[in-house]
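# Structural overview for review
One letter stands for each residue in the lines below.
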Amino acid sequence: MDVFAEIKTMLDKHRCAYAVSDHAPTPRSIDAARIRGTPIEQGAKAIVLRSEGRFLMCVLPGSQKIDFHKIKTILSSKSVSLATPEEVYKVTQCVTGSVPPFGNLFGIPLYIESSLLRNEEISFNAGLQTRSITMKSEEYRRVANGIVKEFAR
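A brief look at the structure comes next. These numbers were taken from a predicted model, which means no experiment stands behind them. (Residues numbered from 1 in each chain as written. Predicted model: local features only at pLDDT ≥ 70, side-chain atom pairs only at ≥ 80, totals over all residues. Heavy atoms only, no water.)

The next point concerns the packing of aromatic side chains. Scanning the entire structure with this criterion turns up 2 aromatic pairs. With a centroid separation of 5.5 Å and an interplanar angle of 80°, the aromatic rings of Phe102 and Phe124 are classed as edge-to-face. On the criterion of sequence distance, the pair formed by Phe102 in the loop between α4 (85–92) and α5 (103–106) and Phe124 in strand β6 (residues 121–125) is long-range, its members being 22 residues apart. The exposure classification of Phe102 matches that of Phe124, with both residues buried. Ring centres of Phe102 and Tyr140 lie 5.4 Å apart, and the angle between their planes is 65°; on these two criteria the pair is classed as edge-to-face. Here the residue Phe102 occupies a position in the loop between α4 and α5, and Tyr140 occupies one in helix α6 (residues 137–144), the gap between them amounting to 38 residues. Neither Phe102 nor Tyr140 differs from the other in exposure class; each is buried. Here the aromatic cluster, defined as three or more aromatic residues joined through ring pairs, consists of Phe102, Phe124 and Tyr140. Cation over ring: Arg131 sits above Phe4, and NZ or CZ is 4.4 Å from the ring centre. (Phe/Tyr/Trp six-rings, centres within 6.5 Å; stacked < 30°, edge-to-face > 60°. Helix = DSSP H or I, 4+ residues; strand = E, 2+ residues; numbered from the N terminus. Buried < 20%, exposed > 50% of the residue type's maximum accessible area, 1.4 Å probe, protein only. Lys NZ or Arg CZ within 6 Å of the ring centre and 35° of its normal.)

The next subject is the sheet that holds strand β8 (residues 147–149). With mixed pairing, 5 strands are arranged side by side in an open sheet as β4-β2-β3-β5-β8. Each end of this open sheet is capped by a strand with a single partner; those strands are β4 (81–82) and β8. The pairing of strand β2 (residues 44–51) with β4 spans 2 bridges and is classified as antiparallel. Bridge pairing links Arg50 to Ser81 in β4. (Pairing = 2+ DSSP bridges.)

Given below as structure tokens:
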């Protein structure tokens, strides 16, 4: 699967305006913000989790971390953990740090941290650590079709 091509097709199908940029590798949110010239809060960090044998994706601002207690409560689950890098690749065809914030591309549930949507625009790595997309957060919310909750700390 060419993840970038899938994202582009999805955004074009939904008539979204977006900008693509190529840059040096950005495996961490702080690196991505610096290279893009954007605030770290604008970065949409996609994290794949495992809960009771199933995978899900949480997307939050690059400046924040997941509160696992809150996620467990949201999911009504006793067990939530980070997916291993091997599991992330198996589920998304992306290496850690390049996963785009679209669970729907990978057939997994998507949870979006509500504070991310306070940004007028969001930026994210688009299947590669060397390619980013910037788009309106309102359009992202519409296309991603995730569940918006508070789960960051």
